[in-house]
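Residue-level structural notes
Residues per chain are reported as follows:
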Amino acid sequence: MTLIDPASQDPARAGEISGEAEEAGTDFIMVGGSTNIDQGMMDRTIDQIKASCSRRIIIFPGSSSMVSGKADAIYFMSLLNSRNPDFIIRQQARASRYLLGMGLETIPMGYIVVEPGMTVGRVGEADLIRSEDLKSAQDYSLAGQFFGMRLIYLEAGSGATSPVPPDMISAVKAVLKVPLIVGGGIRDPCAASRAAKAGANIIVTGTIAEKSAEVRPVLEPIIQAVRHSSRDDKI
Ligand code: 1GP
C-alpha cells in the first residue's frame, strides 16, 4: 500500500504520485498521517488521487477531523500503546456519529508504535515498544485481535532510520490470526523483502514515493520484492 500524507505535498502532486504508484503495482492508496489536515484538504487530495489512479482509497486518520466521504474506507484505528486516551478512544468517539452519516466503510485496526516512533510516536504519546521487546509487541497485538480488530499495524514511524525488526514481525505473526501491516522506514527492496518474509501481509511505504521525482522506478522494485517474498497467506 502507498501512503500519501496530504501535509507533504499539494493535491496535484499527490495525484501524480498515486498514478505512478498504481503503474508500479501498488494495491491500495492510504491517505493520512500525523499532521492534522482539515476535511477540505482531505477532499481536494482525494479528488486529485481519483483523477489519476483507480486503486481504492483508505483514510489513515491522525485525528477526528481527517475524514472524507470521497474515500472508499477509513481505518477505524486505535493507537493501542498511547498514554493518552484521546488516541485510544476519544477521537474515535468524536468521529463516530459523523462517520455513520457518511456511510464510509470502517475497518477496525489496532495501531502499535515501535521504536524509533518518529512523529507519530511523539504526537501520539506512545509508550514506544523497544526493538528487542518482542513480548510487548505480541501482547499489544493480541489485545487488539481480542478486541475484534481486523488488522494489526506495527509502525516504526514515517521516515524511521530502522524499520520494525524482522524478528518482531515474526513473533507477532506467530500469535496473530488477523493480517499484519508493517510500515515506517521501508525504502528499498531488501527491507521490504525482509518484512514480507518475516510474515507481514501488507507493507506500507510513504516517504520513498513522496521524496522521489520519478515514483514508478523506485516503487516497482519494492513492490516486486514484496510479491516474491510474501509467505502467501490468504488475507
Ligand atoms: C508511516 O508506515 C508509514 O505511517 C510509512 O512510513 O514514510 O517511512 O515509508 P515511511
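For the structure, see preceding data.
Residues numbered from 1 in each chain as written. Predicted model: local features only at pLDDT ≥ 70, side-chain atom pairs only at ≥ 80, totals over all residues. Heavy atoms only, no water.

1. Considering the pairing of strand E2 (residues 28-32)
With respect to burial, E2 is a largely interior element, four of its five residues being buried. Note: strand E1 (residues 2-4) against E2, three bridges, orientation parallel. Each residue of the ladder has a partner; that of Ile 4, found in E2, is Val 31. The parallel pair E1 and E2 is bridged by helix H1 (residues 11-24), and the resulting crossover is right-handed. Note: E2 against strand E3 (residues 56-60), five bridges, orientation parallel. In the strand pairing of E3, Phe 28 is matched with Arg 56. With respect to chirality, the unit in which E2 leads through helix H2 (residues 39-52) into the neighbouring parallel E3 is right-handed. (Buried < 20%, exposed > 50% of the residue type's maximum accessible area, 1.4 Å probe, protein only. Helix = DSSP H or I, 4+ residues; strand = E, 2+ residues; numbered from the N terminus. Pairing = 2+ DSSP bridges. Right-handed = clockwise from strand over helix to strand, strands pointing away.)

2. Regarding the sheet that holds E3
Through backbone hydrogen bonds, the strands of a sheet pair up, either in parallel or in antiparallel fashion. Read across the open sheet, the eight strands follow the order E1-E2-E3-E4-E5-E6-E7-E8; overall the sheet is parallel. Sheet topology places E1 and strand E8 (202-204) at the edges, where each strand pairs with a single neighbour. Across the sheet, the mean angle from the axis of one strand to that of its neighbour is 30°, orientation sign disregarded. Relative to strand E5 (residues 105-113), strand E4 (residues 73-79) runs parallel, the two being bridged by seven bridges. Paired with Met 77 across the bridge in E5 is Met 109. Across the face of the sheet, helix H5 (residues 134-147) comes into contact with E5 and strand E6 (151-155) while running at roughly 155° to E6. (Axes fitted to C-alpha atoms, helices over the stretch in contact; angles between N-to-C directions. Contact = heavy atoms within 4.5 Å.)

3. Digging into the pairing of E6
Burial analysis of E6 places five of its five residues in the buried class, the great majority of the element. Taking every second residue as pointing to the same face, both faces of E6 are buried, with Leu 151, Tyr 153 and Glu 155 on one and Ile 152 and Leu 154 on the other. Pairing analysis gives five bridges linking E5 to E6, with the strands arranged parallel. The residue of E6 that forms the bridge with Gly 110 is Ile 152. The pairing of E6 with strand E7 (residues 180-183) spans four bridges and is parallel. When the bridges of E7 are listed, Glu 155 appears paired with Gly 183.

Shape descriptors only; they carry no functional weight alone.
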